[in-house]
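Commentary on secondary and tertiary structure
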Amino acid sequence: MKNRQWIWGIFLILAAGLLVATQMGWALTFSPFTIIATIFLAGMLVQNLIHRSIGGTVFSIAFLLMLYNGPLGISSLVPWTILWAAALLTAGLSIIIRPKNNYWHARRQTWMRHHRGHSDWEMHGEFDGDFSENDVQTKDDSIVNIDTAMGNSIRYIQSDDLKQVNIATRMGATKVYFDKSQILDQAVVNVDCSLGGISLYIPRSWNVVIDVSSIMAGVEERGLDSTKEGPTLRVRGSLLLGGMTIYYI
């Protein structure tokens with residue numbers, strides 16, 4: 001969080017300075033919109049590189065190319081050719097470069113090293129890697145890893161002490177049911193979805209905190225009104241050309 005604040009703080013200060021300089025005619029040839037958009041996209045690029053987000057990095061570069069299509073001589077590629085190329089490149093790289101290389105995996109490994117005394121948690125340090133269609137499983141672990149690529153996965157989580165769920169979905173659909181799970185204090189769901197969909201079925205009594213970044217994607221909440229009286233479940237991560245729906249049951 002501190003890194004994000006520093007990054008955006010610096011770029012917003014630079015944006016303010018460049019905006020004033022442009023209006024005063026200090027030898028800047030680009031429009032204020034182009035300068036501010038460049039700073040914003042550069043900030044997005046840096047943030048996604050720090051978090052090792054393939055989709056965020058590729059699309060930040062794609063939007064920068066679209067912004068400077070004239071000087072680069074690629075006007076004929078704007079916008080759909082660049083967007084489709086970025087989507088396909090993201091999907092391909094996401095399949096080739098395993099989810100263990102991303103930001104959430106690093107966060108998970110750090111968390112597990114901190115709790116090294118709990119050996120049963122450390123057994124689940126990697127994603128399942130199950131690519132079969134209509135894959136249905138029941139899990140009772142404290143840490144659950146779900147990897148869906150070009151298929152459908154359904155997980156019924158029945159943990160007595162749920163700590164963490166890591167979901168990686170690429171060109172597929174993932175459904176996760178939490179109604180038979182218990183959280184003693186708080187838990188986290190890390191999502192990494194590109195060209196796919198994620199559905200979470202969560203007890204309405206849980207306090208769900210959503211912190212998800214999205215590019216051409218969205219998060220929707222459905223079902224019963226959440227009472228937020230129970231334990232806290234934090235949902236965080238990134239969505240690209242897909243969507244996530246949270247059902248309160």
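Computed from a predicted structure; not experimentally measured.

In this section: the overall build of the chain. Along the backbone of the chain there are seven helices and eleven strands. Classification of the 249 residues of the chain by burial places 43% in the buried group. Once local pairs closer than 6 in sequence are excluded, the contacts in the chain between residues at least 24 apart make up 55%. As presented, the chain carries roughly 13,100 Å² of accessible surface, and 59% of it is formed by carbon and sulfur atoms.

We now examine the sheet that holds strand 6 (residues 186–194). The strand order across the open sheet built from five strands is 2-4-6-10-8, with neighbouring strands paired in parallel fashion. Here the strands that pair on one side only, and so sit at the sheet edges, are strand 2 (143–149) and strand 8 (207–215). Mean inter-strand twist for the sheet, computed between neighbouring axes without regard to direction, equals 10 degrees. Where strand 2 and strand 4 (residues 164–170) come together, seven bridges link them in parallel fashion. Its bridge partner being in strand 4, Asn-145 is matched across the sheet by Asn-166. Sheet strands touched by helix 3 (residues 54–67): strand 8 and strand 10 (232–240). Its angle to strand 8, the strand with the most contacts, is close to 40 degrees.

Side chains of Ile-61, Leu-65 and Leu-72 sit close together on the surface and give an oily, nonpolar patch of about 250 Å² of accessible area. Relative to the elements of secondary structure, Ile-61 occurs in helix 3.

This paragraph deals with helix 3. Spanning 14 residues, helix 3 covers 20 Å between terminal C-alpha atoms, matching the ideal 20 Å at 1.5 Å per step. Of all the positions in helix 3, only Gly-55, Gly-56, Thr-57, Val-58, Phe-59, Ser-60, Ala-62, Leu-64 and Met-66 are classed as buried.

With that out of the way, let us pick up the pattern of salt bridges. A side chain with one charge can pair with a side chain of the opposite charge if their charged atoms come near. This structure, assessed with the given rule, holds three salt bridges. Between Lys-163 and Asp-161 there is a salt bridge, with its nearest N and O atoms 3.6 Å apart. Given a relative accessible area of 22%, Lys-163 falls into the partly exposed group. Close ionic contact of Asp-192 with Arg-170 constitutes a salt bridge, the shortest N to O distance being 2.9 Å. With Asp-192 in strand 6 and Arg-170 in strand 4, the pair connects residues that are 22 residues apart, well separated along the chain. Among the residues examined, Arg-170 registers a relative accessible area of 5% and is labelled buried.

Moving on, we come to the environment of Thr-169. Note that Thr-169 resides in strand 4. Its relative accessible area of 0% is what places Thr-169 among the buried residues. Once the C-alpha coordinates of Thr-169 and Asp-192 are considered, the two residues, 23 residues apart in sequence, prove to be 6.3 Å apart. Discounting chain neighbours no more than four positions away, the residues touching Thr-169 are Thr-148, Thr-174, Asp-192, Cys-193, Ser-194, Gly-196, Gly-197 and Ile-198. Polar contacts involving the side chain of Thr-169 include one to the side chain of Thr-174, which spans 2.7 Å.

As for its position among the elements, Ser-153 is in strand 3 (residues 152–157). On the basis of relative accessible area, Ser-153 is assigned to the buried category, the value being 1%. Polar side-chain contacts of Ser-153 include one of 2.8 Å to the side chain of Thr-148.

Calculation criteria
- Residues numbered from 1 in each chain as written.
- Predicted model: local features only at pLDDT ≥ 70, side-chain atom pairs only at ≥ 80, totals over all residues.
- Heavy atoms only, no water.
- Helix = DSSP H or I, 4+ residues; strand = E, 2+ residues; numbered from the N terminus.
- Buried < 20%, exposed > 50% of the residue type's maximum accessible area, 1.4 Å probe, protein only.
- Contact = heavy atoms within 4.5 Å.
- Areas by Shrake-Rupley, 256 points an atom, 1.4 Å probe, with all protein chains shown as cover.
- Pairing = 2+ DSSP bridges.
- Axes fitted to C-alpha atoms, helices over the stretch in contact; angles between N-to-C directions.
- Patch = residues over 30% accessible without salt bridge, like charges linked within 9 Å, V, L, I, M, F, W, Y side chains within 5 Å.
- Salt bridge = Lys/Arg side-chain N within 4 Å of Asp/Glu carboxyl O.
- Expected span 1.5 Å × (residues − 1).
- Polar contact = N/O pair within 3.5 Å; in protein donor to acceptor, adjacent residues only side chain to side chain.

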